[in-house]
Amino acid sequence: MSIIYVLLSISVLVAIIFFIAFIISVKRGQYDDTYTPSVRMLFEDELVKEETFHLEKKENKINSNN
Amino acid sequence: MINCFHCGDTCLDTIIKHKEKVFCCHGCKTVFDILNDSNLGYYYDLDTNPGISPQEIEGKFDFLDNPAIVEKLLEFDNNTTQVVSFLIPSIHCSSCIWVLENLNKLDKAVKTSQVNFPEKTVRITFSSENTTLKELVLLLSRIGYEPYISLENSEKKEKHIDRSLIYKLGVAGFAFGNVMFLSFPEYFEVEEFWLDQFKNMFRWLMFTFSVPVVFYSGRDYFTSAYKGLRSGILNIDVPIAIGIAVLFIRSTMEIIMDWGTGFFDSLTGLIFFLLLGKFFQQKTYSYLSFERDYKSYFPIAVTRLLRNKKSGVREEQAEVYKIQKGDRLLIRNNELLPVDAILIKGNALIDYSFVTGEAEPVSKQSGDKLYAGGKQQNGVLEVEVLKPVEQSYLTQLWSNEVFSKDKTGIFQSLTDSISKRFTVAVLSIAFLSTLFWMVVDPSKAFNVFTAVLIVACPCAIALAAPFTLGNMLRIFGSNKFYLKEASIIEQMAKVDTVIFDKTGTLTTNRKNTITYEGIELTQIERELLTSTLRASNHPLSRSLYAILDKNNIQTLDEFKEEVGRGMSASSKNATIKVGSYAFVENTSEKKQIKDTSEKQKKTTVHISSNEQYKGCYVFENEYRNGVSEIFEALGKDTEVIVLSGDNDGERQRLENLLPSNTQLIFNQKPEDKLEFISKQQQAGKTVMMIGDGLNDAGALKQSDVGIVISENINVFSPACDGILDATVFKNLVRYIDLSHKGIKVIKWAFLLSLLYNLVGLSFAVTGHLKPVIAAILMPLSSISIVVFTTLATQYIGRKLRMDINKQS
């Protein structure tokens, strides 16, 4: 029945790991601004890159035509 | 109606078509071009018309050439990497975040930039090898995001964010969860074989989890109770601290003596819920600052003139704090004078509205004294400093003791007042029941004594106010009324005297009602007048020009402006004179006709055509919508006073507008206002002050509730307890009424939690309090209080919304 010791220590350990993770994230200021990241997440950086990609393609085409 | 593609404003005079898009001005078009050329067109896809029209900035940031100032602004500086944070009031949507975080596409020297939207700041890491701070600021200004740099920035503050409450809440929540889980088995089985084997380990684990909760998370309750007792107040933290201490001691004894499991679950739960209430109450509007003083208005640097025998006059950007008596300063148009000074050269037209509340700018002659806080409206000035910034007339106001006093400690909250009676009652019940059991069954006496103290721990009472007020704070916030902290609502409900400032508070800043009195002007005269006004920069000319129709603008043959007096112009064979009465009539000021003395106090512009007096335009302040209704409603059960820094030229009009029981007091200097309020308070009144400018700063601070009315909440307002958006000014009475309703909700919640306490006490007094009962009763009472207050405040919040909608 000593398995309960193992289970107990694992459960407490897991809890403590999450607790420490929480403390660290607070300390680094992750909870100071809870709004901006939620907006930043929705920006599609790819959009701009795509345009330049198209341009490059066009240029390539022109170059190959030549 | 065409709207600008960039800023969304309606295009009035000019419409610029460019790349199939419409812009209202060249500024907006330039920003579009800059963004478009750098492949940042996505800016316009994120939000419709997200832009801000850029302001005129020429010469404004020249002070950034001074390395000493730059050094003060930089947060971090090593050879290649610099970090700077700017406050940008115009940040307002997701497009703003996106473009500011893509600054590196506009300027390669920018390494990273990060926006904090709630605080409206951007933190930029850049390399000074490729750019300077000034160029960076100019770039930001060019795309419409002009940073706000004031004297406040020059004082480097250690940015200290207090996160201790989150840590405490984290610890308590973590322990609460684990203790619950460990104590679960013993809720059901007591005499079971396996449980008996392990119960000791379970119990000691619970003890271990509880120690940090009591000594770290719950620490504030002990210190607060101790402080309360020392100053002879039985605040709500006294019974809470007793409850926590008794819970911990009794539980520890129980597991040592092997009497039972103890109440660790209730203990950690109690502290967790209490802290949750505290956390909930902490709703802050981080982009609004309630603690501002003159420093956030004053510039960080001014232009100092250095005289050198060899090279003549040299201009230098000097820090405001380094300005000494006797220095010569150059003040440009629209710059704020940060010191008391004597005017040496130039036509001064100083707008003191900021300091005194006087709406009209005053003109000064060479040799006159100018006070700090005035804004030059007309051309360039040269002045000599009389007193440096910290000794100036305006900043003296801040040395008044009001500003060093902390207002929060004095106020006795509703919770504190109930806790006094509550604590006395609980202690007497505890002692009486112990006495009873001493006689009947001494073995149970200790048990009953501790049980009473545990179960009577006023967790629910302590939660009622934070959750109600926290909810109210959010309701107010969503209705454009922003409060500094929750306790203000309780204060607001007690107010019996409301004092209004006039200029900027009862009147709007923007609009003037202009009426003409005298002989009607002919078509030609009117055209000439418009053309003359067009040439002038005087604020009165500009507002008058704005209301006249602008057809047939002529070129003037002759135009002369005498500063502070008026202007004369001629076209073809007609001449016109516009300005003060004395100027227009060519009389000395002493010989003025009697009947104009009444008009003297009002703002007027007189006109004569071909040396013939015609009449005058009278400028009157426009009062906000609903002023009469507000005074009517407030006057019913509170005293209403108007306290104005202006002269009494508007007395007649105000008397007609406001109910007869309103007191009107004029010619009040900032310190008079402060004095007046403290006199009212000494007479036992609870005063609410509603003002706007720095001239009300002292009064706002002295009053019990100081509220600032603001046309644009992003623009700064003086230190206060709350900021009211000017558009919802007419709802003021409703908001005060809502605070009364909030207090009623708290009182009902008190009653509800007392009922729970009675049930708990009946278990405790009879000696039947089992841990499982405590563990059910405590969270149940707390949660039901939270649910009750939330539902109740939601209900009154919705009623408020419906009320407002019905009206509009």
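Described in the following lines is the structure provided in the data block. Keep in mind that this is a model prediction, so the values were computed, not measured.

Parameters and conventions
- Residues numbered from 1 in each chain as written.
- Chains lettered and ligands numbered in written order.
- Predicted model: local features only at pLDDT ≥ 70, side-chain atom pairs only at ≥ 80, totals over all residues.
- Heavy atoms only, no water.
- Helix = DSSP H or I, 4+ residues; strand = E, 2+ residues; numbered from the N terminus.
- Buried < 20%, exposed > 50% of the residue type's maximum accessible area, 1.4 Å probe, protein only.
- Contact = heavy atoms within 4.5 Å.
- Areas by Shrake-Rupley, 256 points an atom, 1.4 Å probe, with all protein chains shown as cover.
- Core = buried A, V, L, I, M, F, W, Y, C linked by side-chain atoms within 4.5 Å.
- Domains from an automatic or database assignment.
- Phe/Tyr/Trp six-rings, centres within 6.5 Å; stacked < 30°, edge-to-face > 60°.
- Lys NZ or Arg CZ within 6 Å of the ring centre and 35° of its normal.
- Buried area = accessible area lost by both parts, 1.4 Å probe.
- Salt bridge = Lys/Arg side-chain N within 4 Å of Asp/Glu carboxyl O.
- Polar contact = N/O pair within 3.5 Å; in protein donor to acceptor, adjacent residues only side chain to side chain.
- Nonpolar A, V, L, I, M, F, W, Y, C, P; charged D, E, K, R; others polar.
- Pairing = 2+ DSSP bridges.
- Axes fitted to C-alpha atoms, helices over the stretch in contact; angles between N-to-C directions.
- Parallel < 35°, antiparallel > 145°, perpendicular 65-115°, else oblique.
- Left-handed = near helix turned anticlockwise from the far one by under 90°.

Here the focus is the overall build of chain B. Secondary structure summary: chain B contains 25 helices and 28 strands in total. Considering chain B as a whole, with its 808 residues, one finds that 53% of them fall into the buried category. Of the contacts made within chain B by residues no fewer than 6 positions apart, 69% connect residues no fewer than 24 positions apart. Approximately 37800 Å² of chain B is accessible, and the part contributed by carbon and sulfur atoms is 53%.

Below, the discussion takes up the nonpolar core. All names here are of chain B. Counting 116 residues, the largest nonpolar core has Phe 476, Phe 500, Phe 631, Met 688 and Leu 724 as the members making the most contacts within it. Considering each element in turn, this core owes the most residues, 13 residues, to helix α14 (residues 459-478). For this core, the domains that each give at least three residues are domain 2 (164-283 + 414-468 + 741-806) and domain 4 (479-507 + 623-738). Residues Val 70, Trp 98, Leu 139 and Leu 140 belong to the second largest nonpolar core, which totals 52 residues.

On to the packing of aromatic side chains, then. The relative placement of two aromatic rings is captured by the distance of their centres and the angle of their planes. All names here are of chain B. All told, the structure shown has 21 aromatic pairs over all chains when counted by the stated rule. On the numbers, 5.3 Å between centres and 80° between planes, the contact of Phe 476 with Phe 481 is edge-to-face. By relative accessible area, which is 1% here, Phe 481 ends up buried. Grouped by ring-pair contacts, the aromatic residues Trp 204, Phe 207, Phe 215, Phe 248 and Phe 264 constitute a single cluster. Here the guanidinium or amino end of Lys 168 rests over the ring plane of Tyr 216, the centre of that ring lying 5.9 Å away. Its guanidinium or amino end placed over the ring of Tyr 221, Lys 278 lies 4.7 Å from that ring's centre, counting from NZ or CZ.

When the parts of a complex come together, some accessible area is lost, and that lost area is often used as the size of the interface. Opposite the 28 residues of chain A that make contact, chain B presents 29 residues. Taken together, the two surfaces of chain A and chain B that pack against each other cover about 2500 Å², and 73% of this comes from carbon and sulfur. Linking chain A with chain B are 0 salt bridges. Across the chain A-chain B interface, the total number found is 3 residue pairs in polar contact (both at pLDDT 80 or more). Of all the secondary structure elements, the ones that give two or more residues to the side of chain A that touches chain B are α1 (3-27), α2 (36-40) and α3 (46-65) of chain A. With 12 residues, the top contributor of residues to the side of chain A that touches chain B is α1(A). Of the residues in the side of chain A that touches chain B, the class split is 17 nonpolar, 4 polar and 7 charged.

Moving on to the pairing of strand β9 (residues 328-331) of chain B. Residue and element names in this part refer to chain B. As judged from the 3 bridges shared by strand β7 (residues 301-308) and β9, these two strands associate in the antiparallel manner. Note that in β9 the partner of Leu 305 across the bridge is Arg 328. Summarising the sheet, β9 and strand β15 (residues 381-387) pair through 4 bridges and their orientation is antiparallel. Bridge assignment links Arg 328 to a residue of β15, and that residue is Glu 384.

Residue and element names in this part refer to chain B. The geometry of helix α10 (residues 264-281) relative to helix α25 (residues 771-807) is characterised by a closest axis approach of 9 Å and an angle of 10° between their N-to-C directions. Viewed along their axes, α10 and α25 adopt a mutual orientation that is roughly parallel. α10 and α25 meet at a crossing whose hand is left-handed. Residues Asp 265, Ser 266, Leu 270 and Phe 273 of α10 pack against Ala 774, Ala 775, Met 778, Pro 779, Ser 782 and Ile 783 of α25. A class-by-class count of the residues in the contact of α10 with α25 yields 7 nonpolar, 2 polar and 1 charged.

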